[in-house]
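# Examining the three-dimensional arrangement
Given next are the chains, with one letter for each unit.
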Protein chains: 2
Amino acid sequence: GISTGRLTSNMDWSEFQLNSDGLIPVIVQDYKTNEVLMLAYMNEDAFHITLSIGKMTYWSRSRQELWTKGMTSGHVQYVKSLTLDCDHDTILAKVSQVGAACHTGNPTCFFQDLVAEEYLEKNPLKVFENEFNIIKD
Amino acid sequence: GISTGRLTSNMDWSEFQLNSDGLIPVIVQDYKTNEVLMLAYMNEDAFHITLSIGKMTYWSRSRQELWTKGMTSGHVQYVKSLTLDCDHDTILAKVSQVGAACHTGNPTCFFQDLVAEEYLEKNPLKVFENEFNIIKD
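Thresholds, definitions, all that
Residues numbered from 1 in each chain as written. Chains lettered and ligands numbered in written order. Predicted model: local features only at pLDDT ≥ 70, side-chain atom pairs only at ≥ 80, totals over all residues. Heavy atoms only, no water. Contact = heavy atoms within 4.5 Å. Buried area = accessible area lost by both parts, 1.4 Å probe. Salt bridge = Lys/Arg side-chain N within 4 Å of Asp/Glu carboxyl O. Buried < 20%, exposed > 50% of the residue type's maximum accessible area, 1.4 Å probe, protein only. Helix = DSSP H or I, 4+ residues; strand = E, 2+ residues; numbered from the N terminus. Polar contact = N/O pair within 3.5 Å; in protein donor to acceptor, adjacent residues only side chain to side chain. Pairing = 2+ DSSP bridges. Axes fitted to C-alpha atoms, helices over the stretch in contact; angles between N-to-C directions.

## Structural notes on the interface of chain B and chain A
Each side of the interface is counted separately: chain B has 56 residues, and chain A has 57 residues. When chain B packs against chain A, close to 4,900 Å² is buried across both sides, 56% of that on carbon and sulfur atoms. The interface formed by chain B and chain A contains two salt bridges. Here D89 of chain B makes a salt bridge to R61 of chain A, at a shortest N to O gap of 2.9 Å.

Quick look at the structure:
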């Protein structure tokens, strides 16, 4: 493992599978509620800074710069755990989120319903199918 | 909104911000436990098929083909809700997962600890910092 200041990672950056932009996507989840807060991206520097300071740090694709979340807003994300997926191409970060995760002030960046549970639960065909699936199980 | 068979999306594919590969990443979460299961990618066809059949369908980047999760394994993911993030470049899917989400047989694809909560909670400096942050709040 690589030790960079406060936190130690069991795996090195070189063991990750990067996307077409040379980045790894990071799913950010509230460690207490398990609510998914956002998706962001890390380059190697962002990963090492995150380990060094214990605060989630990303590569901003729009601004093309390193970005320690909360440095201006105060809405810091303290690292609680980092977990890698089976094919080494995505990180799941559980964090302690100070304030709102979203720049809109919303607690999570995911607040625009495309297909809502209400629709699924009230649609007669879906209700029937759900029942059928339960019986089939 | 676009209606494609069973499910109706409040927003059209053309309103999404795609990544460098022309895809949108999809965070997949168990709708009951809120456990994050995997990250996958959709192209336009995958999105429309998902709406049509109510089962999560992706674009496999490794096999370069459409992939309705569970078609061979039986480990289908029934759509419970689809939510878009603030900048329209990530979908959060809440699903009813049949069997294991991961091809390894693990319930979730995220099972390799990089930095574990145990480390953070037992490290004296971190314990002190956590206390300090709580007091500061």
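## Details of helix α1 (residues 44–53) of chain A
Along α1 of chain A, the residues classified as buried are A46, F47, H48, T50 and L51 of chain A. Among the residues of α1 of chain A, the N-terminal cap falls to N43 of chain A, whose side-chain oxygen and the backbone nitrogen of D45 of chain A are separated by 3.3 Å.

## Re the sheet that holds strand β7 (residues 77–85) of chain A
Pairing is mixed across the open sheet formed by five strands, whose spatial order is β4(A)-β3(A)-β8(A)-β7(A)-β9(B). Edge positions in the sheet fall to β4 (36–42) of chain A together with β9 (110–115) of chain B, since each of these pairs with one other strand and no more. On average, each strand axis in the sheet is inclined to that of its neighbour by 30°, with strand direction left out of account. Taken together, the five bridges between strand β3 (residues 24–30) of chain A and strand β8 (residues 91–97) of chain A define a ladder with parallel strand orientation. Looking at the pairing, Q29 of chain A lines up with K94 of chain A of β8 of chain A. Sheet strands in contact with α1 of chain A are β4, β7 and β8 of chain A together with β9 of chain B, and its direction is about 120° off that of β4 of chain A.

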